[in-house]
Amino acid sequence: MSSLAQPLIDWHKIHGRHHLPWQRNADPYAIWLSEIMLQQTQVSTVIPYYLRFMQEFPGVDHLAQAPLDSVLALWSGLGYYSRARNLHRTAQILRQDHRSQFPSKRIDLEKLPGIGRSTAAAIAVFAFGRREAILDGNVKRILARYFGITGYPAEKSTQNKLWQLSEQSLPTHADQGRIQSYTQALMDLGATVCLRRNPVCTTCPLHSDCTAHKNNLTHLLPAPKPRKPMPEKEAILLFLVQQQKLLLRKRPSPGIWGGLWCPPEIAVDTNALTYCQQQFGMRIQSTLKLPAMDHQFTHYKLRIYPMILHVTTPTTSSDDQQVWLEPSMAIHQGIPAPVKKLLNQNFIVADNHAMQMDSHE
Ligand code: SF4
């Protein structure tokens, strides 16, 4: 056994998290769903989404047969929507090719959409008791500090080194729930003790052998991403209002917000009135520019310039890629988080203030 495993397993018995909703049994579906939701998202945020999802889609067949729109609507607000599209796709593949059962080997799980090596390993460990190593963000941080690895963890050679260390650190035997306890302990230690900022080393079961702690390097490890300026983009969102309803269009997939419903977006150098006339044959009676809003994606910042436009020409929707909805209905569709925020701020919270319809530029 490695020097990590036993202290972590002992620590987990007392200090680990044992009552998370997906820990109730070893249902591969529940474990898979939780692992996907937990990618880039904290446990406290995930729990209500997980519970709603399990209620609506309690198994592979329910999910596979659901319309993608319903899946995206339940996912709305959790971000990284490709995760929801991949969940849906994976459920369909399992139903079609695997009699709705999950494969139990990490290598087979990895072939399914949206399941990378670490997620596949976590499912193989928790659902099937396999002896597999994980390497999510928390584990990279623990191992980089414990072993004193100085490279940036996403860089290939550093990542290879960390994978090697993660494998070498596994408990020798996977029996009697040891592999599950050890893996959960790593996750819990990263979430509660070996924190990104100000790790609580004094309570850590690894502190006597930890390189970063012993050499006062916890603030330097793991190495931060080499700095590159974050690109910025701009766009105008057109909130077209007609008879108390808003026009939403389905975003093309793949792409940012792919498959979600969104007000039409135009470039900042496009004339909104000309666009509405040419694109939809609409005449606009009044316009209102709302304050700009910034939204942070992983790789760039988007500055959104929202505009409310009151449409006078009667317009019907004969296209299944667009729909007119009251704001109170729109808010429950699969819509991006900043659009939800703008709807809440300007159409719902504002006491339905005649949907800003009397406002003029
Ligand atoms: S001793 Fe500190 S830095 Fe080292 S693993 Fe524990 S919490 Fe992390």
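Keep in mind it's a predicted model, so treat the numbers as computed, not measured.

A. Main features of the overall build of the protein chain. When helices and strands are counted, the protein chain shows 15 helices and eight strands. Once the C-alpha set of the protein chain is aligned to its principal axes, its extents read approximately 75 × 50 × 35 Å. Burial analysis of the protein chain (361 residues in total) assigns 48% to the buried set. For the protein chain, restricting intrachain contacts to residue pairs at least 6 apart in sequence, the fraction spanning at least 24 positions comes to 68%. Here the protein chain has roughly 18,500 Å² of accessible surface; of this, 49% comes from carbon and sulfur atoms. Of the side-chain charges in the protein chain, 38 are positive and 27 negative, and the distance between the mean point of each set is 5 Å.

B. Quick look at the nonpolar core. Counting residues in hydrophobic clusters, the biggest one holds 100 residues, and the most contacted among them are Trp-32, Met-37, Phe-53, Leu-63, Trp-75, Leu-189 and Leu-343. When residues of this core are assigned to their parent elements, the largest contribution, eight residues, is made by helix 8 (residues 117–128). Inspection of this core shows a minimum of three residues originating in each of domain 1 (5–134 + 149–191) and domain 2 (232–356). Residue contacts for Phe-53: discarding those within four places in its chain leaves Leu-33, Met-37, Pro-58, Leu-63, Val-71, Leu-74, Trp-75 and Leu-87. In this structure, Leu-238, Cys-276, Phe-280 and Trp-324 belong to the second largest nonpolar core, which totals 14 residues.

C. Examining the domain arrangement of the protein chain more closely. The domains assigned to the protein chain are domain 1 (5–134 + 149–191) and domain 2 (232–356). Taking the mean C-alpha position of each, domain 1 and domain 2 sit 35 Å from one another. Taken together, the seven residues of domain 1 in the interface contact 15 residues of domain 2. Buried area between domain 1 and domain 2, summed over both chains or domains, comes out near 750 Å², and the portion from carbon and sulfur atoms is 45%. Contact with domain 2 buries area across many residues of domain 1, yet Asp-69, Tyr-81 and Arg-85 alone supply 51% of it, more than any other trio. Linking domain 1 with domain 2 are one salt bridge. With a closest N to O distance of 3.2 Å, Lys-250 and Asp-69 form a salt bridge.

D. Examining unusual backbone geometry more closely. Backbone torsion omega between Leu-221 and Pro-222 reads -5°, so that peptide bond is classified as cis. In this structure, Gln-40 is a non-glycine residue whose phi angle is positive, near 65°. For Asn-198, which is not glycine, the phi torsion reads 50° and is therefore positive. A relative accessible area of 65% places Asn-198 in the exposed class.

E. Looking closely at helix 8. Relative to the 16 Å expected for 12 residues at 1.5 Å per residue, helix 8 spans 16 Å between its end C-alpha atoms, a close match to the ideal helical length. Burial analysis of helix 8 places 10 of its 12 residues in the buried class, which makes it a mostly covered element. Along helix 8, the residues classified as buried are Ser-118, Thr-119, Ala-120, Ala-121, Ala-122, Ile-123, Ala-124, Val-125, Phe-126 and Ala-127. Where helix 8 is buried, its residues touch helix 2 (28–38), helix 7 (106–109), helix 10 (156–168) and helix 11 (178–192).

F. Examining the pattern of salt bridges more closely. Tallying each qualifying case throughout the model produces 11 salt bridges. Between Arg-303 and Asp-294 there is a salt bridge, with the nearest N and O atoms lying 2.8 Å from each other. According to the relative accessible area criterion, Asp-294 is partly exposed, its value standing at 37%. Each of Arg-106, Glu-110 and Glu-132 takes part in salt bridges that share partners, so that together they form one network.

G. Highlighting the environment of Lys-161. Within the secondary structure layout, Lys-161 lies in helix 10. Its relative accessible area of 38% is what places Lys-161 among the partly exposed residues. As for Lys-161 and Leu-143, which are separated by 18 residues in sequence, their C-alpha atoms are 10.0 Å apart.

H. Seen up close, the environment of Ile-284. With respect to the helices and strands, Ile-284 occurs in strand 5 (residues 284–289). Note: C-alpha distance between Ile-284 and Phe-347 (63 residues apart in sequence) is 19 Å. Discounting residues that sit within four places of it in the chain, Ile-284 has contacts with Leu-240, Leu-273, Cys-276, Leu-309, His-310, Val-311 and Thr-312.

So, how was this worked out
Residues numbered from 1 in each chain as written. Predicted model: local features only at pLDDT ≥ 70, side-chain atom pairs only at ≥ 80, totals over all residues. Heavy atoms only, no water. Helix = DSSP H or I, 4+ residues; strand = E, 2+ residues; numbered from the N terminus. Buried < 20%, exposed > 50% of the residue type's maximum accessible area, 1.4 Å probe, protein only. Contact = heavy atoms within 4.5 Å. Areas by Shrake-Rupley, 256 points an atom, 1.4 Å probe, with all protein chains shown as cover. Lys, Arg positive; Asp, Glu negative; His and termini not counted. Charge placed at Lys NZ, Arg CZ, Asp CG, Glu CD. Core = buried A, V, L, I, M, F, W, Y, C linked by side-chain atoms within 4.5 Å. Domains from an automatic or database assignment. Buried area = accessible area lost by both parts, 1.4 Å probe. Salt bridge = Lys/Arg side-chain N within 4 Å of Asp/Glu carboxyl O. Expected span 1.5 Å × (residues − 1).

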